[in-house]
Amino acid sequence: RKEVEQDPGPFNVPEGATVAFNCTYSNSASQSFFWYRQDCRKEPKLLMSVYSSGNEDGRFTAQLNRASQYISLLIRDSKLSDSATYLCVVGVNDMRFGAGTRLTVKP
Amino acid sequence: DVKVTQSSRYLVKRTGEKVFLECVQDMDHENMFWYRQDPGLGLRLIYFSYDVKMKEKGDIPEGYSVSREKKERFSLILESASTNQTSMYLCASSLGTGLAGELFFGEGSRLTVL
């Protein structure tokens, strides 16, 4: 079993849609939780840190459920510019990625 | 701004060659990482280091070694390159753990082994 499992996608949604991504992780000692965004042929860039109490940044909401060992990312009112691959990252000193979920937002 | 610099953006090597991929960060980060990224497989952790001269295996260390002689530099070595090591290699660094575990990436090194 992989240490970090992520929704395989792809997700194809119309503009304005709400879309949710989930990742489960196996190491209960994990301390670091992030969502990254990766555009085609670019390196991953931080989208959001995930706080224990959950956090929101504009149209993006991240949540952590330690009991069930998963993190989630909700994107509201999707824009064309949200089209990218979304990656969850979980770890302690080691940092492991989910396989990534490709999102395409269509007009 | 944190800057992570990878020495080569594109490399073409022949099977059996020794390959060095260099990574330098300028923010005094404790942790450094090497990943490879392949279509459909995401980023897979090869090795990481949480201190000078310290190294830990990730999920796919076979065929690779690393060196961290100075805090700012983390090198990935392919002792004898093989075609299945053709991939995008990404180096990253982070300050610590928890929220300080945010990863900062270099632009990547695309290696082709013929």
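One structure accompanies this document, and this report is about it. (Residues numbered from 1 in each chain as written. Chains lettered and ligands numbered in written order. Predicted model: local features only at pLDDT ≥ 70, side-chain atom pairs only at ≥ 80, totals over all residues. Heavy atoms only, no water.)

1. Notes on the interface of chain B and chain A
Inference 1: Counting residues at the interface gives 23 residues for chain B and 22 residues for chain A.
Inference 2: Buried surface at the junction of chain B and chain A, summed over both partners, amounts to about 1800 Å²; 57% is from carbon and sulfur atoms.
Inference 3: If you look at where chain B meets chain A, you find 1 salt bridge.
Inference 4: The partner of Arg 96 of chain A in a salt bridge is Asp 59 of chain B, with the nearest N and O atoms 2.9 Å apart. (Contact = heavy atoms within 4.5 Å. Buried area = accessible area lost by both parts, 1.4 Å probe. Salt bridge = Lys/Arg side-chain N within 4 Å of Asp/Glu carboxyl O.)

2. Some thoughts on the pairing of strand S9 (residues 87-94) of chain B
Residues and elements named next belong to chain B.
Inference 1: Among the 8 residues that make up S9, 8 are buried, leaving the element largely enclosed by the rest of the structure.
Inference 2: Pairing of strand S4 (residues 31-38) with S9 involves 7 bridges; the strand directions are antiparallel. By the bridge assignment for S9, Asn 31 is matched with Ser 94.
Inference 3: Examined bridge by bridge, S9 and strand S11 (residues 109-113) share 3 bridges and lie antiparallel to one another. If you follow Ser 87 over to S11, its bridge partner there is Leu 111. (Buried < 20%, exposed > 50% of the residue type's maximum accessible area, 1.4 Å probe, protein only. Helix = DSSP H or I, 4+ residues; strand = E, 2+ residues; numbered from the N terminus. Pairing = 2+ DSSP bridges.)

3. Considerations on the sheet that holds strand S3 (residues 19-25) of chain B
Residues and elements named next belong to chain B.
Inference 1: If you walk across this open sheet you meet the 4 strands as S1-S3-S8-S7, and the pairing is antiparallel. The strands lining the two open edges of the sheet, one partner per strand, are strand S1 (4-6) and strand S7 (65-70). Taking the axes of each pair of neighbouring strands and ignoring which way they run, one obtains an average angle of 20° across the sheet.
Inference 2: Inspection of the sheet shows S3 paired to strand S8 (residues 73-78) by 6 bridges, in the antiparallel sense. When the bridges of S8 are listed, Glu 22 appears paired with Ser 75. (Axes fitted to C-alpha atoms, helices over the stretch in contact; angles between N-to-C directions.)

4. With respect to the sheet that holds strand S8 (residues 70-75) of chain A
Residue and element names in this part refer to chain A.
Inference 1: Strand order in this open sheet of 5 strands is S1-S3-S8-S7-S6, and the pairing throughout is antiparallel. The strands lining the two open edges of the sheet, one partner per strand, are strand S1 (4-6) and strand S6 (55-57). If you compare each strand with its neighbour and ignore which way they point, the axes differ by 15° on average.
Inference 2: Two strands pair when backbone bridges link them, and S1 and strand S3 (residues 19-25) are joined in this way by 3 bridges, in the antiparallel orientation.

5. Observations concerning the environment of Leu 76 of chain B
All names here are of chain B.
Inference 1: Looking at the element boundaries, Leu 76 is found in strand S8.
Inference 2: Between the alpha carbons of Leu 76 and Gly 42 there is a distance of 19 Å; along the sequence they are 34 residues apart.
Inference 3: Once residues within four sequence positions are removed from consideration, Leu 76 is found in contact with Val 19, Phe 20, Leu 21, Trp 34, Ile 46, Tyr 64, Ser 65, Val 66 and Tyr 89.

6. Points about the nonpolar core
Inference 1: The biggest cluster of nonpolar side chains holds 23 residues, and the ones touching the most others in it are Phe 21, Trp 35, Ile 71, Leu 73, Ile 75 and Leu 103 of chain A.
Inference 2: Where this core is concerned, the elements lending two or more residues are S3, strand S4 (32-38), strand S7 (60-65), S8, strand S9 (84-91) and strand S11 (101-106) of chain A.
Inference 3: Those residues within four positions of Leu 73 of chain A in sequence are excluded, and the remaining contacts are Val 19, Ala 20, Phe 21, Trp 35, Leu 47, Met 48, Phe 60, Thr 61 and Tyr 86 of chain A.
Inference 4: The next biggest cluster of nonpolar side chains, apart from the first, holds 20 residues, and it includes Val 4, Ile 60, Phe 74 and Leu 76 of chain B. (Core = buried A, V, L, I, M, F, W, Y, C linked by side-chain atoms within 4.5 Å.)

7. Some details on the packing of aromatic side chains
Inference 1: Summed over the entire model, instances satisfying the criterion amount to 13 aromatic pairs over all chains.
Inference 2: Considering the side-chain rings of Tyr 36 of chain A and Phe 105 of chain B, the 6.0 Å spacing of their centres and the 85° angle between planes classify their relative orientation as edge-to-face. Residue Tyr 36 of chain A is found in strand S4, and its partner Phe 105 of chain B is found in strand S10 (residues 104-105); the two belong to separate chains.
Inference 3: According to the relative accessible area criterion, Tyr 36 of chain A is buried, its value standing at 0%.
Inference 4: Aromatic ring contacts, followed pair by pair, group Phe 34, Tyr 36 and Phe 97 of chain A together with Phe 33, Tyr 35, Phe 48 and Phe 105 of chain B into a single cluster. (Phe/Tyr/Trp six-rings, centres within 6.5 Å; stacked < 30°, edge-to-face > 60°.)

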